[in-house]
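Spelled out, the chains give:
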Amino acid sequence: MKMKGKNMSKVIYLDNAATTKVYPEVLEAMNPYFTEYYGNPSSIYSFVGEANKAVAKARETLADLIHARAEEIYFTGGGSESDNWALKATAEAYGDKGKHIITTKIEHHAILHTCEYLEKKGFEVTYLDVDEYGSVKLDELEKAIRPDTILISVMTANNEIGTIQPIEEIGQIARKYGVIFHTDAVQAFGHIEIDVDRMNIDMLSASGHKINGPKGIGLMYIRKGVKIRSFIHGGAQERSRRAGTHNVPGIVGFAKAAELAKDSLGDRIAYETELRDYLIERVLKEIPYSRLNGERQKRLPNNTNFCFQYIEGESLLILLDQKGICGSSGSACTSGSLDPSHVLLAIGLPHEIAHGSLRLTLSEETTKEEIDFTIDELKKIVDRLRSMSPLYEDFLKNGGK
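Residues numbered from 1 in each chain as written. Predicted model: local features only at pLDDT ≥ 70, side-chain atom pairs only at ≥ 80, totals over all residues. Heavy atoms only, no water.

### Some remarks on the sheet that holds strand S5 (residues 149-153)
Ordered in space as S2-S8-S7-S6-S5-S3-S4, the 7 strands form an open sheet in which the pairing is mixed. Looking at strand neighbours, the two that pair on one side only are strand S2 (73-76) and strand S4 (124-128), the edges of this open sheet. Within the sheet, the average angular offset between the axes of one strand and its neighbour, ignoring direction, is 20°. Pairing of strand S3 (residues 100-104) with S4 involves 5 bridges; the strand directions are parallel. Bridged to Thr-104 within S4 is Leu-128. The sheet contacts of helix H5 (residues 109-120) involve S3, S4, S5 and strand S6 (180-184), and relative to S4 the element is tilted by about 150°. (Pairing = 2+ DSSP bridges. Helix = DSSP H or I, 4+ residues; strand = E, 2+ residues; numbered from the N terminus. Axes fitted to C-alpha atoms, helices over the stretch in contact; angles between N-to-C directions. Contact = heavy atoms within 4.5 Å.)

Written as structure tokens, this is what we have:
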């Protein structure tokens, strides 16, 4: 696949972990299902034939990306709904067997908040620690399993620091003890290889807008034989497991995006990894008192996450935005909270360092010129912010100690 070059534009978008742009091919595939084949697939008249065919084909395409069967794919409104469904429905279906769930401290809040909800319903949740790079400790996972454990939920790759978990090994442990294994693959789906059979995955969550598809569409993979009950009640859609009129344009767009992702996967991984490593090396070499968060190699191809001492992530984002650069901070301060990222705290960073975080996530359209411009501006911004920091001034006065 030939990577797309372009001139420096006004906006340099480096927040692809938050969402991605819809590719033209995806929009083109969706358009007919808004205006021409707009019938409700649940209807019985022949007019809906094309919509039904499109949904069936999309199910096959999405299943193929993770080596699943079409009948194991269920459409949802997005990754958060899929995560909620996986946890709540498992708790309901297997609550008589046990009320113990295992997850990690670095999961997406769609998992963590659902676990908190289930704790109020009488379930017990073990939140596993991770190592300094954000990886699950397999021996601690296995030790946490009890006779009443009904579910293990560990994300495939972390949305903030990009660390890829040892999913196959986790799946083997879960299978050994007869525990259902769910993985939140929202950040990993379409970005790295996933094989649900080889990895012993029983349930998987994914979302369209992370792979250049539309927002508002996701999926749940549920292995045949797993007794998961319906999450949204109403009609008989999705084999009576998820009621609601099918979002046909969204489903078609999601599948087209998955098709493009599969066709370009090898080239895209190679390109993004090379650019990612270039970005990491320049930042760590040229900006003093910076650190990379997450695994150096076992991370998503397009993910970088840094901490810069003696600055606030929110100020960093604002000044980057003034230069037309879009990134994000692991710090939650941008949403009105003074608390830093729960992920950065979980890997052992102190509050004062975790507050100065920056996530830059690439795409296949990101150019080296854009990265160079971003790093050059980032260096100036970090210098500017540190020059206004009393803590940094004291640090220098003490000889850098």
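### What about the sheet that holds strand S12 (residues 357-361)?
Taken together, the 3 strands give an open sheet; going across it, the order is S9-S10-S12, and neighbouring strands pair in antiparallel fashion. Edge positions in the sheet fall to strand S9 (290-292) and S12, since each has one partner strand and no second. Across the sheet, the mean angle from the axis of one strand to that of its neighbour is 25°, orientation sign disregarded. Pairing between strand S10 (residues 303-308) and S12: 5 bridges, direction antiparallel. Across the sheet, residue Thr-304 finds its bridge partner in S12, namely Leu-360.

### Looking at the nonpolar core
Membership of the largest hydrophobic core comes to 62 residues, with the highest contact counts inside it found for Ile-66, Ile-152, Phe-189, Ile-194, Ile-201 and Leu-204. Excluding residues that lie within four positions of it along the chain, Ile-201 makes contacts with Ile-167, Phe-181, Thr-183, Ile-194, Val-196, Tyr-221 and Arg-223. Formed by 25 residues, the second largest nonpolar core is a distinct cluster that contains Leu-279, Ile-287, Phe-306 and Leu-316. (Core = buried A, V, L, I, M, F, W, Y, C linked by side-chain atoms within 4.5 Å. Buried < 20%, exposed > 50% of the residue type's maximum accessible area, 1.4 Å probe, protein only.)

### Details of the packing of helix H3 (residues 49-65) against helix H9 (residues 248-286)
When two helices pack together, their arrangement is given by the angle between their axes and by how far apart the axes lie. It is at 9 Å that the axes of H3 and H9 come closest, and there the two elements cross at 35°. In this structure, H3 meets H9 at a crossing whose hand is left-handed. Along its contact with H3, which presents Ala-51, Ala-54, Val-55, Ala-58, Thr-61, Leu-62, Asp-64 and Leu-65, the element H9 presents Val-248, Ile-251, Val-252, Phe-254, Ala-255, Ala-258, Glu-259 and Lys-262. Among the residues forming the contact of H3 with H9, the class breakdown is 12 nonpolar, 1 polar and 3 charged. (Left-handed = near helix turned anticlockwise from the far one by under 90°. Nonpolar A, V, L, I, M, F, W, Y, C, P; charged D, E, K, R; others polar.)

### As for the environment of Thr-20
When you line up the elements, Thr-20 lands in the loop between strand S1 (12-13) and helix H1 (24-30). Thr-20 sits in the buried class, given a relative accessible area of 6%. It is 29 Å that separates the C-alpha atoms of Thr-20 and Arg-241, two residues lying 221 residues apart in sequence. Setting aside anything within four residues of it in sequence, one finds Thr-20 in contact with His-209, Lys-210, Ile-211, Asn-212, Gly-213 and Lys-215. From its side chain, Thr-20 meets the backbone oxygen of His-209 in a polar contact 2.7 Å long. A distance of 2.7 Å separates a polar atom in the side chain of Thr-20 from the backbone nitrogen of Asn-212. (Polar contact = N/O pair within 3.5 Å; in protein donor to acceptor, adjacent residues only side chain to side chain.)

### Some points on the packing of aromatic side chains
Aromatic ring pairs are described here by two measures, namely the spacing of the ring centres and the angle between the planes. This model, assessed by the stated rule, comprises 10 aromatic pairs. Ring geometry for Tyr-38 and Phe-47: centres 5.2 Å apart, planes at 65°, overall edge-to-face. A relative accessible area of 39% places Phe-47 in the partly exposed class. Seen in terms of ring centroids, Tyr-392 and Phe-395 are 6.2 Å apart; in terms of plane orientation they differ by 20°. Their pairing is stacked. Here Phe-395 and Tyr-392 lie together in helix H14 (residues 390-397), a separation of 3 residues that amounts to about one turn. Per residue, the accessibility class of Tyr-392 equals that of Phe-395, and both read buried. Each residue in the set Tyr-289, Tyr-310, Tyr-392 and Phe-395 is aromatic and connected to the rest through ring pairs, giving one cluster. (Phe/Tyr/Trp six-rings, centres within 6.5 Å; stacked < 30°, edge-to-face > 60°.)

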